[in-house]
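Survey of secondary and tertiary structure
Listed below are the residues making up each chain.
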Amino acid sequence: MAVPSEFDVAGPATVDPPLGPVDPAEGPGSATRTESAERAVLRLARPYLGRLVGAGLLAAATEFAGLALMATATWLLMSAAGRPPLDRLTVAIVAVRALAISRGVFRYTERLAGHDAVLRMITDVRARVFATLAARRAAPARSGDSLSRLVSDVEAVQDLLLRVLVPASAAALVSLLAVAGAALISLPAAAVLAVGLLVAGLALPTLATALTRRSAAELAPLRGALAADAVDLTHGAADLAAFGATESALRAATGRAGRLARLERRLAAAGFAVDAVGTLVAGLTAGAVVLVALSAGVPGVLVGVLAVGTLSAVEIALALVGAARQRTQLGAGLTRVAVLLDETVPAAPAGPAPDARRAAGPEPLPGAELPPPAAPTGPAVGGGHDVHLDEVTVRYRAGAPPALDRVSLDLRGGRRIAVVGPSGAGKSTLAAVLTGAVRPAGGRATVGGRDVTTYSADELPRLIGGLLAEAYVFHATVRENLLLGRPGADDEELATATAAAGLLDWVRAQPAGWDTVVGEEGGQLSGGQRQRLALARALLAAPPVLLLDEPTEGLDPTAADAVLASALAATPAGHSVLLISHRLTGLAGLDEVVVLDAGRVAQRGRHAELLATPGWYRDQWLLQEAAERGYLALSP
Ligand SMILES: Nc1ncnc2c1ncn2[C@@H]1O[C@H](COP(=O)(O)OP(=O)(O)OP(=O)(O)O)[C@@H](O)[C@H]1O
């Protein structure tokens, strides 16, 4: 959602808000990009080409049966007016019935064949797209908007085949057959029909594309922005009210809604205009065909057949206008899918993630079942897991001060190290380097002797992970949230991890126990319970190198001490722990405490040594002690 300052910029009449970064699929050059995206998508359709061609031929047969039905029925009616002997009409009567029935049968089989081919293909596309996304460890956070767009983007592939290519090729084929049929009656009339079909099937679709391309490109981001507004206005209602920004937020959203409505009206008006021109073209072509046929001396009944056949044929060709419109709207989605399909997933991110902390955590799929973890994690991982940072430097933006500045760390198997420091010191960045979410600009980070960047997306989480900053709690049951950590865990293992995180009593007190649903984003839990649940999940996963980023955040001092102690005790012997913390209590038993300040190591040593040395650690410890003593004195 836009920040409050943005809400204040304008009222509904003048609002023209920025919509975030321009989608690469939109804007200048989008036509070329759409074409190459279509080619990329069609390459995937190759294995299903036979089925798709079959569906196209059946679609053409359907349209042709309709056209032949109209022409034959016209011939029958006009001939019957002359009261000929019935046997002269028998063939036509049977043909009308046969065409009417076969049209339905063709349509049905065409839908079956087309959907069968496309649904098979779309399964491949989905699998490839999701595999690419799952492997993108350093991808920017996927918002609800981009996820829902992703789903509709994959559907764009389906629409390209079923709503554009199949009907368009059927319309083109039937147009050719119609001209050939008319030529059997009168060559000049067939020529006029060909011109009418070219206007309806080529000129009008081009016009429709030109009229709608710009608006269609603006539509998708606007709809996305409105969807994001809806989520933010509901989820962020309390914060907006607290900052007095409700009015301005509503104004901004209303402005966007108005802009979307104007765009849709403009698109609809352009669509109606093109449709009206299409009807006019059909009428004019039929009129011209009649005049030319009459002047060529074609008999009256056949002139009628030509007139009705022309109206039907032009109507079929006008389907190309609809196909062109669809194609315009699908362009952006197809381009995004093609980018994902073409992407060669790098073994490691190419640079710091735009938001490393979010990238490190799983994203919610609203309303969906919990996704399986990238790889089963668990305690039984062989091989070395010593972690070394050697003069690691991370810079999020060129020219900005480094978030980590030549930081070295030695976390050998079984050691427990705490990284502490003021806000913004670089603690979470250090964790992000180890999870591969951020690639160092200098120095080297190794796990088990191998550079972190050489691990595949599957391998690294088996070695290193745990509770990362802003851990996400899914709209699912307590059990399902925990099983993300270790999919095969039994109730006893769940209970051990949950007890270590201090949540077991709460779970047992719930009527539904492990099957208690925690609500969207864990909304039915308190902040502390959410944190304990996320910690229990990390303890259950128990990777050989356990990262705990602020495991006791949101807990009161007494609970924080107890949870930290039990979490450390629950970590299997031989596993290493990297604890990131603001609180300095409970660190006495750790092998080393590293104090970061502005990305640099300011102090390092054991808790007792640091307490004995003047510096940030001692000052901060004294401050926290005093504050917590005051808190405890005040608490009942
Ligand atoms: N995705 C990002 N893009 C740009 N800068 C970032 C990003 N993430 C962190 N930074 C910057 O890097 C520096 C270190 O941030 P980091 O989150 O690692 O600090 P931290 O010690 O974990 O802070 P806190 O205790 O408040 O979580 C900060 O100056 C921060 O503004």
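Since the structure is predicted, the reported quantities are computational estimates derived from the model, not experimental observations.

**So, the overall build of the chain**
When its secondary structure is counted, the chain shows 20 helices and 10 strands. Here the chain holds 636 residues, and the buried ones make up 41% of them. Contacts spanning at least 24 positions in sequence make up 80% of the contacts within the chain whose residues lie at least 6 apart.

**Quick look at the pairing of strand E8 (residues 576-581)**
Most of E8 is tucked away, with 6 of its 6 residues classed as buried. The sheet contact formed by strand E3 (residues 416-420) and E8 spans 5 bridges and is parallel. Bridge pairing links isoleucine 417 to leucine 578 in E8. As defined by bridge partners, strand E7 (residues 545-549) adjoins E8 across 5 bridges and the pair is classed as parallel. Each residue of the ladder has a partner; that of leucine 547, found in E8, is leucine 578.

**A word on the sheet that holds strand E2 (residues 404-411)**
Taken together, the 4 strands give an open sheet; going across it, the order is E2-E1-E4-E5, and neighbouring strands pair in antiparallel fashion. Strand pairing shows two members of the sheet lacking a second neighbour, E2 and strand E5 (450-451), which therefore form its edges. When strand E4 (residues 442-447) meets E5, the two strands line up antiparallel, connected through 2 bridges. Note on E5: the bridge partner recorded for threonine 446 is aspartate 451.

**Things to note about the environment of alanine 257**
Its place among the elements puts alanine 257 in helix H8 (residues 246-295). Accessibility expressed as a C-beta count within 10 Å gives 17 for alanine 257, which makes it partly exposed. In this structure the C-alpha to C-alpha distance between alanine 257 and alanine 225, which are 32 residues apart in sequence, comes to 9.4 Å.

**Comments concerning the sheet that holds E7**
Here 6 strands make up an open sheet; going across it, the order is E6-E7-E8-E3-E9-E10 and the pairing mixed. Unpaired on one side and paired on the other, strand E6 (464-467) and strand E10 (600-605) mark the two borders of the sheet. Between one strand and the next, the sheet's axes are offset by a mean angle of 20°, whatever the strand orientation. Sheet analysis places E3 next to strand E9 (residues 592-597), joined by 4 bridges and oriented parallel. Across the sheet, residue isoleucine 417 finds its bridge partner in E9, namely glutamate 592. Against the sheet, helix H12 (residues 427-434) contacts E3, E6, E7, E8 and E9, and its axis sits at roughly 150° relative to E7.

**Topic: the packing of helix H15 (residues 491-500) against helix H18 (residues 557-570)**
One way to put it is that H15 packs onto H18 with a least axis distance of 8 Å and a crossing angle of 140°. On the basis of the axis angle, H15 is oblique to H18. On the side of H15, the interface is formed by Thr496, Ala497 and Ala500, while H18 contributes Ser566, Ala567 and Ala570. Here the contact of H15 with H18 is composed, by residue class, of 4 nonpolar, 2 polar and no charged.

**With respect to unusual backbone geometry**
Phi at arginine 406 takes a positive value of approximately 50°, unusual for a residue other than glycine. Within the secondary structure, arginine 406 is located in strand E2. Phi angles above zero are rare outside glycine, and alanine 598 is one such case at about 50°. When you line up the elements, alanine 598 lands in the loop between E9 and E10.

**Let's talk about helix H6 (residues 187-235)**
Compared with an ideal rise of 1.5 Å per residue, which puts 49 residues at 72 Å, H6 spans 68 Å between its outermost C-alpha atoms and is within 8% of the ideal. Its maximal kink placed at threonine 212, H6 deviates by approximately 45°.

**Let's talk about the nonpolar core**
Membership of the largest hydrophobic core comes to 78 residues, with the highest contact counts inside it found for Leu539 and Leu547. Setting aside its immediate chain neighbours within four residues, leucine 539 contacts Ala497, Ala500, Ala501, Ala567 and Ala570. With 74 residues, the next largest nonpolar core counts Ala190, Val289, Leu318 and Ala323 among its residues.

**Observations regarding the packing of H8 against helix H9 (residues 300-317)**
Packing of H8 against H9 brings their axes to within 9 Å, and their N-to-C directions diverge by 155°. Here H8 lies roughly antiparallel to H9, going by the angle between them. The hand of the H8/H9 crossing is right-handed. Across from Val281, Ala282, Thr285, Ala286, Val289, Val290, Ala293 and Leu294 in H8, the residues of H9 making contact are Val303, Leu306, Ala307, Thr310, Leu311, Val314 and Glu315. For the contact of H8 with H9, the class distribution of residues is 12 nonpolar, 2 polar and 1 charged.

**So, helix H17 (residues 527-541)**
Given a rise of 1.5 Å per residue, 15 residues ought to cover 21 Å, and the 21 Å separating the end C-alpha atoms of H17 matches this to within 8%. The buried fraction of H17 is high, at 13 of 15 residues. In the stretch just after H17, alanine 542 is the one whose phi turns positive, near 40°.

**Side note on the pairing of strand E1 (residues 387-394)**
Inspection of the sheet shows E1 paired to E2 by 5 bridges, in the antiparallel sense. Paired with valine 394 across the strands is leucine 404, a residue of E2. In this structure, E1 lies alongside E4, joined through 5 bridges in antiparallel fashion. When the bridges of E4 are listed, threonine 393 appears paired with glycine 442.

**Focus on the confidence of the model for the chain**
Summary statistics for the chain give a mean pLDDT of 81 and a share of 82% for residues scoring 70 or more. Ranking the elements of the chain by mean pLDDT puts helix H11 (residues 356-360) last with 34 and E3 first with 95. Low pLDDT, under 50, characterises residues 137-145; the predicted model gives this stretch 27 contacts beyond four residues in sequence or across chains. The low-confidence segment residues 344-383 (pLDDT under 50) makes 91 contacts with residues lying over four places distant or belonging to another chain. Across the interface, the model reports ipTM at 0.96; the global pTM reads 0.53.

**Digging into the environment of glutamate 391**
Relative to the helices and strands, glutamate 391 resides in strand E1. What makes glutamate 391 partly exposed here is the crowd of 13 C-beta atoms within 10 Å. Between the alpha carbons of glutamate 391 and alanine 445 there is a distance of 8.6 Å; along the sequence they are 54 residues apart. Ignoring anything within four residues of it in the chain, the contact list for glutamate 391 reads Arg406, Ser408, Gly442 and Gly443.

Rules of the game
- Residues numbered from 1 in each chain as written.
- Predicted model: local features only at pLDDT ≥ 70, side-chain atom pairs only at ≥ 80, totals over all residues.
- Helix = DSSP H or I, 4+ residues; strand = E, 2+ residues; numbered from the N terminus.
- Buried ≥ 20, exposed ≤ 12 C-beta atoms within 10 Å, placed from the backbone.
- Contact = placed C-beta atoms within 7 Å.
- Pairing = 2+ DSSP bridges.
- Axes fitted to C-alpha atoms, helices over the stretch in contact; angles between N-to-C directions.
- Parallel < 35°, antiparallel > 145°, perpendicular 65-115°, else oblique.
- Nonpolar A, V, L, I, M, F, W, Y, C, P; charged D, E, K, R; others polar.
- Expected span 1.5 Å × (residues − 1).
- Bend = angle between axes of the 7 residues up to and from the residue.
- Core = buried A, V, L, I, M, F, W, Y, C linked by C-beta atoms within 7 Å.
- Left-handed = near helix turned anticlockwise from the far one by under 90°.
- pLDDT = per-residue confidence, 0-100.

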